[in-house]
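Observations on the model geometry
What follows is each chain in one-letter form.
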Amino acid sequence: MTVRLFRNVSLVTPVDHGKPSAGERQRDVVRHSPGAMLVADGLIVAAGAERDVLTRAREFRVDMEVDGGGRCCVPGFVDPHTHACFAKTRESEFSLRLSGVPYLEILKQGGGILSSVRAVRSATDDELFAVTRANAMRALASGTTTMEMKSGYGLDTASELRMLAVIDRVRRETPLDVAITFMGAHAVPEEFRGSPDAYVDLLVQAMIPAAADQGLAGYCDVFCEEGVFSVAQSRRILEAGKKAGLRPRVHADEVHDTGGAALAAEVGAVSAEHLLAAGDAGLDAMARAGVVANLLPATAYSLRKPYARARFMIERGLPVAVATDCNPGSCYCESMPFVFGLSVMQMGLTVEEALTAATLNAAYAIALAGRVGSLEPGKQADFLLLDGETPAAIAYHAGGSVVDEVYKLGERVATRGACC
Ligand code: NIG
Ligand code: FE
């Protein structure tokens, strides 16, 4: 057994109550200064006031002791929504959007997600892996220790399975924990233009069962949006996913309020994503069903849209998580510190609420809170040492990197923006 003691830190962590933290609990964050953490074989044995942890440490032979120099120590970020597996960026499309062409119009004209599909289909596995790994390593260097990634740029059985396998390779070959989502319902592929229901049939009858059989993905997601998949089509897809053992998640009400939030509640989704245009009734249904509101403020920033109503959601009792949505179209961002800053400065979350959103509730949004998301006994020692006294530094030092060191399972994996 390898035992490590991290002491002289200002330990700040959300408290896990066994379910996503909603309402006032979203602010339930404890601080121990001086604090310490005792880690055995990558798992937390004790975390809290330094005096108490040092007493506990006497029961062990400590192999390594790290003095944090008083720096703030928070859980590693959990990024519960990315499309970081892609083959090429879409810079020319970004310029089109800047000149005023709407995001969904680009998709309608055969670009957007469909141009990423062409790129993935013509890339080799190694090319796809190289881009995805680079995205993951940049995320890790900025403090993300657990990351969700989706398929959805393949849109045929073979290409979707290939994407899931590449994501799994990133999971195996980087220090990150990676949660994998099947999203064959990201758009209607060109070969089914004009017959979207036939593509939904293919998803339900062949693609979803094949993805479940492959055994890599744990979730099934759908882009429920005007001109993409209707609520009725999304319901069929998510129910088929559930039948195959894939937990439902929904890209809901991103651009228009089509009823995606209510659908997420109805099917018992683990999370609903975006929610920029979600109405009160859909959000209340989500609160009653315990669905995590997974907000993606960097997408609102990149699409120049009003931010999701995070304060309203917290007041209505919804647990709020935040994620990057890292993708080559609507939001090319792998930085959770940037998302944290937007959460506080643009969505009006308190620092404590944002910390819970970016760690514990984010872990619940991908059903991994048993292992990650807070610094408590039994969980993985995935944590960050910040160049600052409190987590407020992440929003305060705008655009600067306050993530000094990144630890995964008690091992240092990045220092000042560079992976070890
Ligand atoms: O979450 N909205 C759908 N999917 C992504 C964008 C994907 C893309 O444009 O490539 C999103 O914003
Ligand atoms: Fe997305």
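The structure reproduced in this document is the subject of the present report. (Residues numbered from 1 in each chain as written. Chains lettered and ligands numbered in written order. Predicted model: local features only at pLDDT ≥ 70, side-chain atom pairs only at ≥ 80, totals over all residues. Heavy atoms only, no water.)

Quick notes on the overall build of the protein
When its secondary structure is counted, the protein shows 16 helices and 17 strands. For 420 residues, the compact-globule formula gives about 22 Å, and the C-alpha radius of gyration of the protein, at 21 Å, lands near that figure. By its C-alpha atoms, the protein is 70 × 45 × 45 Å across when sized along the principal axes. In the protein, the share of contacts with a sequence separation of at least 24, taken over all contacts with a separation of at least 6, comes to 71%. As displayed, the protein has an accessible area near 15300 Å², and 51% of this comes from carbon and sulfur atoms. Between the centroid of the 42 positive side chains of the protein and the centroid of its 51 negative side chains there is a distance of 1 Å. (Helix = DSSP H or I, 4+ residues; strand = E, 2+ residues; numbered from the N terminus. Rg over C-alpha atoms; globule rule 2.2 N^0.38 Å. Contact = heavy atoms within 4.5 Å. Areas by Shrake-Rupley, 256 points an atom, 1.4 Å probe, with all protein chains shown as cover. Lys, Arg positive; Asp, Glu negative; His and termini not counted. Charge placed at Lys NZ, Arg CZ, Asp CG, Glu CD.)

A closer look at the coordination of the iron ion (ligand 2)
Summarising the metal site, the iron ion (ligand 2) is bound by the protein donors H81 (NE2), H83 (NE2), H251 (NE2) and D325 (OD), whose distances to it range over 2.0 to 2.5 Å. Taken in sequence order, the residues that donate to the iron ion (ligand 2) follow the motif H-x1-H-x167-H-x73-D. Separated by 170 residues along the polypeptide, H81 in the loop between strand 6 (77-79) and helix 2 (91-98) and H251 in strand 10 (residues 247-252) bring together distant segments of the chain. On the accessibility criterion, H251 (3% relative accessible area) is buried. (Donors = N, O, S within 2.8 Å, 3.2 Å for Na, K, Ca; no water. Buried < 20%, exposed > 50% of the residue type's maximum accessible area, 1.4 Å probe, protein only.)

Examining the environment of E160
Within the secondary structure, E160 sits in helix 6 (residues 157-173). Take E160: its relative accessible area is 1%, and that puts it in the buried class. Sequence-wise, E160 and V120 are 40 residues apart; in three dimensions their C-alpha atoms are separated by 9.6 Å. Apart from the residues lying within four places of it in its own chain, the contact partners of E160 are S151, G152, Y153, G154, L155, F182, M183, G184 and M207.

Things to note about the site of ligand 1
Every one of the 15 residues lining ligand 1 counts as a neighbour, but Y103, Y153, H186, E254 and S330 are closest to it. Contacts to ligand 1 include Y103, whose side-chain N or O atom sits 2.5 Å from an oxygen atom. E254 is positioned with one of its side-chain polar atoms (N or O) 2.7 Å from a nitrogen atom of ligand 1. Protein chains bury 100% of the 330 Å² of accessible surface belonging to ligand 1 in isolation. Grouping the constituent residues of the shell around ligand 1 by class yields four nonpolar, eight polar and three charged. (Near = heavy atom within 4 Å. Polar contact = N/O pair within 3.5 Å; in protein donor to acceptor, adjacent residues only side chain to side chain. Nonpolar A, V, L, I, M, F, W, Y, C, P; charged D, E, K, R; others polar.)

Let's talk about the pairing of strand 11 (residues 271-274)
Pairing between strand 10 and strand 11: four bridges, direction parallel. Looking across to strand 11, one finds that H251 is bridged to E273. As for the winding sense of the linkage, the β-α-β connection from strand 10 through helix 9 (residues 260-267) to strand 11 is right-handed. As paired elements, strand 11 and strand 12 (residues 292-295) share three bridges and run parallel to each other. (Pairing = 2+ DSSP bridges. Right-handed = clockwise from strand over helix to strand, strands pointing away.)

A look at helix 5 (residues 125-141)
Between its first and last C-alpha atoms helix 5 spans 24 Å; for 17 residues at 1.5 Å apiece the expected length is 24 Å, and the two agree. At its buried positions, helix 5 is contacted by helix 4 (113-122), strand 7 (144-150), helix 6, strand 15 (403-408), strand 16 (411-415) and strand 17 (418-419). Just downstream of helix 5 lies G143, where phi reads positive at about 110°. (Expected span 1.5 Å × (residues − 1).)

A few points about the nonpolar core
One finds F182, F229, L275, L295 and F340 to be the most contacted residues of the largest nonpolar core, which totals 111 residues. Residues from two domains meet in this core; each of domain 1 (3-76 + 373-419) and domain 2 (78-364) gives at least three. (Core = buried A, V, L, I, M, F, W, Y, C linked by side-chain atoms within 4.5 Å. Domains from an automatic or database assignment.)

A closer look at the sheet that holds strand 13 (residues 320-322)
Adjacent strands of a sheet form backbone hydrogen bonds with each other and so pair up, either parallel or antiparallel. One open sheet holds the eight strands; their spatial order is 6-7-8-9-10-11-12-13, and the pairing between them is parallel. Strands with a single pairing partner mark the edges of an open sheet, and in this sheet they are strand 6 and strand 13. Ignoring which end each strand starts from, the neighbouring axes of this sheet average 25° apart. Pairing analysis gives three bridges linking strand 12 to strand 13, with the strands arranged parallel. In the strand pairing of strand 13, L295 is matched with V322. Packing of helix 13 (residues 336-345) onto the sheet brings it into contact with strand 6, strand 7 and strand 13, and relative to strand 6 it is tilted by some 90°. (Axes fitted to C-alpha atoms, helices over the stretch in contact; angles between N-to-C directions.)

A few points about the packing of helix 13 against helix 14 (residues 351-358)
Helix packing geometry: the angle between the two helix axes and the distance between the axes. Where helix 13 meets helix 14, the closest approach of the two axes is 9 Å, and the angle between their N-to-C directions is 140°. When the axes of helix 13 and helix 14 are compared, the pair comes out oblique. In the crossing of helix 13 with helix 14, the sense of the turn from one axis to the other is right-handed. Residues M336, F340, S343 and V344 of helix 13 touch helix 14, and the partners they reach there are V351, A354, L355 and A358. Of the residues in the contact of helix 13 with helix 14, the class split is seven nonpolar, one polar and no charged. (Parallel < 35°, antiparallel > 145°, perpendicular 65-115°, else oblique. Left-handed = near helix turned anticlockwise from the far one by under 90°.)

Regarding the pattern of salt bridges
Tallied over the entire structure, the rule returns 36 salt bridges. For the salt bridge of D125 with R162, the shortest nitrogen-to-oxygen distance reads 2.5 Å. Note that D125 is positioned in helix 5 and R162 in helix 6, a separation of 37 residues in sequence. Overall, the relative accessible area of 39% leaves D125 in the partly exposed class. The salt bridge partner of R316 is D284, with a shortest N-O separation of 2.8 Å. Placement of R316 in the loop between helix 12 (310-315) and strand 13 and of D284 in helix 10 (residues 280-289) is noted, with a sequence separation of 32 residues between them. What you see here is one network of salt bridges that share partners, running through E24, R27, R311, E315 and E353. (Salt bridge = Lys/Arg side-chain N within 4 Å of Asp/Glu carboxyl O.)

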